[in-house]
Amino acid sequence: MMPVRAWARAALLAAVALGAGCRNTGPAAAPPAAHTAALERRYFGDSSPPSDNTFRFNNGAEPEIYDPGLAVGQPDGRVCRIMFEGLTVPDPVTLAPLPGQAERWESTPDGLTYTFHLRRGLAWTDGAPVTAGDFAWSWLRVLRPATAARYASMLYPIANAEAYNNGTLADSTQVGIRAPDDSTLVVRLSHPTPYFVFMTEFYTYLPVPRRVIERYGSQWTRPGNIVSNGPFSLVEWRQADHFTFVKSRTYWDAANVRLDKVIAYSVEDLNTSVNLYKAGAIHWTTSGYVPSQFIPYLMQFEDFQHGRYHGVYFYSVNVTRKPLDNPWVRRALNYAIDRDAIANDLLKRTRDPWGNMTPIPYAGYEHPPGLTYDPVRARECLARAGFPDGRGFPKVAILFNTSEDHRRLAEAIQAMWKQVLHIDVELSNQEWGSYLEATTTLHYDIARRSWIGDYLDPTTFLGLGVSNDGNNRTGWSNPRYDALLHAAAAEPDPVKRMRTLRDAEALLLDEGPFIPVYHYTINDLVKPYVRGIQPTALDTHDLKFVWIDHGFRRNAPAVATAGNQGQ
Amino acid sequence: MTTFILRRVLLFVPTLWAIATLTFFMVRLAPGGPFLAERDIPAAARAQLAHTYGLDQPLTAQYTRFLANAVRLDFGPSYKFPARQVREIIAEAFPVSLELGVWALLLALLVGVPIGVIAAVRQNTAADTAAMGLALAGVSIPNYVLGPTLVLGLSLSLFLFPPALWQGPESRVLPVLTLATTYVAYIARLTRAGMLEVLRQDFVRTARAKGLAERAVVMKHALKLGVLPVVSYLGPASAGVIMGSLVVEKIFAVPGLGRHLVNAAFNRDYTLVTGIVLFYAGFLMTFNLLVDIAYTRLDPRIELS
């Protein structure tokens with residue numbers, strides 16, 4: 001029990017630290033002299049609330065699949081979370097797990113067994129009860145090899161889950177998931193996972209309706225077929241256009257769900273997304289659906305939100321190629337990058353400079369010193385590698401997928417390396433599919449990459465450096481690093497665990513297979529009358545907590561009067 | 001006439017087969033694959049997916065199965081959207097593109113042809129210069145400039161129309177205007193050229209000599225032949241405009257077929273690319289055939305045999 005609570009409390013602290021710098025919502029924070037005209041200048045576009053209780057937002061790219069067990073990616077996951085509810089739900093600000101379908105849970109002192117107690121009277125939208133058996137079936141479905149769930153590894157903390165998923169274990173009863181009765185779910189883990197309860201918020205862990213899936217197969221998610229257990233149910237879907245959800249009557253907490261309807265549009269184009277927002281056709285752009293060149297301008301408006309995101313932009317170095325196999329060369333490249341200049345001049349502070357692989361504060365985790373700009377040291381490292389003053393350095397290329405933003409950054413780094421190290425690098429861009437092929441098969445020298453963490457723990461980033469991990473894609477392999485991550489996984493003491501992970505990150509930064517450049521930020525627009533959407537580190541939001549403040553415009557002058565009276 | 005049509009339709013078969021074969025192999029030759037992602041897919045899952053889609057079979061077996069299914073217009077499920085059949089995606093997106101395209105073409109004809117006629121009849125006058133100047137501007141301004149400009153002016157400043165999304169009649173206005181402009185300009189220029197050519201011919205002089213009013217000469221006699229270049233242009237143009245425009249669909253968030261084709265190519269969605277390409281090819285050939293038939297109606301000198 002102790003580790004869980006400690007973890008949750010620390011996550012709260014971390015999230016509060018993150019929240020610093022985000023906007024104030026609501027008229028209460030408005031300056032006393034606010035009046036209608038000023039209101040228009042403070043917000044980007046139309047700020048009058050809609051007459052109905054329908055929340056409209058841009059969900060971004062069209063979801064590939066919105067079956068929770070199979071979904072991958074932010075837009076897909078968001079659609080799943082609107083309809084389904086897991087054992088726990090994320091706190092709207094801190095993301096700390098709040099009771100969802102489970103009303104309480106406890107863990108054994110060794111941190112290896114978790115028992116979840118479901119609420120009484122939970123129901124699917126067709127009226128059938130939601131049971132612990134539904135969760136067990138849903139999780140085993142994700143792990144069953146025939147399901148081919150791309151995110152199955154999210155369940156690997158569970159005992160024997162990995163072996164069952166990759167086919168080495170055929171007997172599903174040996175997987176650590178058990179439902180002794182309809183309202184109790186017992187999960188046995190393979191190693192202590194302090195963030196396990198938090199993971200149950202994730203969409204791969206959502207329950208799915210067995211009867212419906214067995215009846216309709218891959219067509220079960222269609223409106224008309226689909227049955228869900230969350231705050232909203234799907235009534236309409238038009239591909240590449242929109243999803244319509246209505247409030248579910250069978251949801252256990254329906255009394256506290258304040259929206260009647262949710263419409264999620266699939267608008268890919270960033271400019272179009274902002275146009276729709278300005279006109280008031282959507283109330284929220286979601287992060288990423290604002291063109292990056294608009295951000296410096298939008299920062300003056302109160303309905304623009306900016307915050308830290310759990311993602312890192314980095315350069316990946318192919319260590320199987322000469323001269324990049326030499327760690328001194330990688331150190332030289334690392335020290336020659338002026339991250340502050342990139343963040344200030346090139347990115348206009350829309351992203352923050354970052355010299356670590358793990359992008360945000362974590363409970364109990366102290367980041368090792370990040371990489372800094374040090375031209376003298378960079379030249380020393382290069383000389384030590386056998387290329388004094390860059391002499392004899394072979395030509396290498398920076399690979400990026402076709403995009404103006406990536407090109408500009410690559411050009412800046414190319415210039416820095418030329419100026420500091422006197423070496424020439426080429427730029428090479430490829431379209432997405434070719435770029436993926438080149439990075440996965442190690443047909444590149446240095447490549448632009450990015451990584452978004454799935455859960456608030458350093459391992460979601462540090463896992464990239466493990467030998468032969470499918471996401472490593474550098475050829476880098478270090479037995480000491482692997483041993484550190486292994487030791488951390490087996491460590492029951494959270495303090496020692498974080499210390500071991502810190503050593504691992506320090507080693508990773510020193511060895512330099514990955515060169516972090518900046519960490520991602522949340523940038524979105526939310527109408528001032530929408531309540532309950534704050535930037536969160538994982539960009540997840542439970543729409544259960546969202547509502548439309550219809551009194552928003554009327555409230556504003558009232559605040560002004562109160563302020564005047566006070567003077 | 002009937003034999004002509006029959007022969008042309010029979011020619012569709014080898015043409016479509018060649019296109020199907022080329023697309024099938026070309027899309028597979030492109031680097032990457034449908035199951036390659038920024039985030040690694042576990043080997044077991046990837047093998048299972050390949051098996052589900054028959055990608056673990058030899059290429060020849062895949063090809064024969066593809067041809068056998070294609071004959072029945074069954075291209076299988078999309079790789080990117082596994083819960084949807086390619087056929088279904090086309091059936092849902094095509095009517096949207098069709099509606100947008102038909103409105104744009106109608107507008108282009110209704111505006112373009114009269115402008116072209118006026119310019120030809122008043123050749124070398126201020127009206128001609130103005131019309132052709134407009135046409136030049138229309139051809140020169142790309143969609144991705146015109147679209148956002150219209151949004152800024154008519155939607156975000158004057159609040160006349162919604163800035164995007166395909167819902168309700170008023171949402172059609174801006175995408176149709178944007179898509180039509182290029183065609184208006186092109187059709188005006190073609191009409192003008194065609195009319196100038198025809199107005200110099202003997203039968204027009206005869207008509208004038210008989211004392212027919214100029215209006216009747218132009219509208220009744222000359223126009224029929226003068227628009228022939230427009231008609232031949234309409235074949236490929238309609239196929240193109242109706243199959244959807246990537247740029248217009250993106251700017252206005254229109255759920256049409258154009259976006260699907262381009263995205264499918266980037267995603268290496270083998271089945272969706274092949275399905276849409278074949279659909280497009282069939283459409284283009286049908287339209288060219290219709291144009292040839294229309295020619296015989298408009299120009300009595302042409303005979304199909």
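None of these values were measured; they are calculated from a predicted model.

Rules used throughout
Residues numbered from 1 in each chain as written. Chains lettered and ligands numbered in written order. Predicted model: local features only at pLDDT ≥ 70, side-chain atom pairs only at ≥ 80, totals over all residues. Helix = DSSP H or I, 4+ residues; strand = E, 2+ residues; numbered from the N terminus. Rg over C-alpha atoms; globule rule 2.2 N^0.38 Å. Contact = placed C-beta atoms within 7 Å. Nonpolar A, V, L, I, M, F, W, Y, C, P; charged D, E, K, R; others polar. Buried ≥ 20, exposed ≤ 12 C-beta atoms within 10 Å, placed from the backbone. Pairing = 2+ DSSP bridges. Right-handed = clockwise from strand over helix to strand, strands pointing away.

A. Local environment of the overall build of chain A. Of the regular secondary structure elements, chain A holds 18 helices and 18 strands. Rg of the C-alpha trace for chain A: 25 Å, near the compact-globule value of 24 Å for 567 residues, within the 12% margin. Overall, chain A is about 70 × 70 × 45 Å in size when its C-alpha atoms are taken along their principal axes. Residue pairs in contact within chain A that sit at least 24 positions apart in sequence constitute 71% of those at least 6 positions apart.

B. Structural view of the interface of chain A and chain B. Across the contact, 39 residues belong to chain A and 38 residues belong to chain B. Secondary structure elements with two or more residues in the side of chain A that touches chain B: helix 8 (270–278) and helix 14 (432–440) of chain A. When residues of the side of chain A that touches chain B are assigned to their parent elements, the largest contribution, six residues, is made by helix 14 of chain A. Its residues assigned to classes, the side of chain A that touches chain B comprises 14 nonpolar, 16 polar and nine charged.

C. Spatial organisation of the environment of V277(B). Residues and elements named next belong to chain B. For V277, the location among the structural elements is in helix 13 (residues 270–298). Residue V277 is classed as buried on the basis of its C-beta count, with 20 C-beta atoms lying within 10 Å. Residues V277 and T23 lie 254 residues apart in sequence; the distance between their C-alpha atoms is 7.7 Å. For V277, the residues in contact, after removing those within four places along its chain, are I19 and T23.

D. Layout of the pairing of strand 13 (residues 396–401) of chain A. Residue and element names in this part refer to chain A. Relative to strand 14 (residues 425–430), strand 13 runs parallel, the two being bridged by six bridges. When the sheet's bridge partners are listed, L399 is paired in strand 14 with S428. Tracing the backbone out of strand 13, into helix 13 (residues 404–421) and back to the parallel element strand 14 gives a crossover that is right-handed. Alignment of strand 13 against strand 15 (residues 446–452), held across two bridges, turns out to be parallel. Each residue of the ladder has a partner; that of I398, found in strand 15, is I446.

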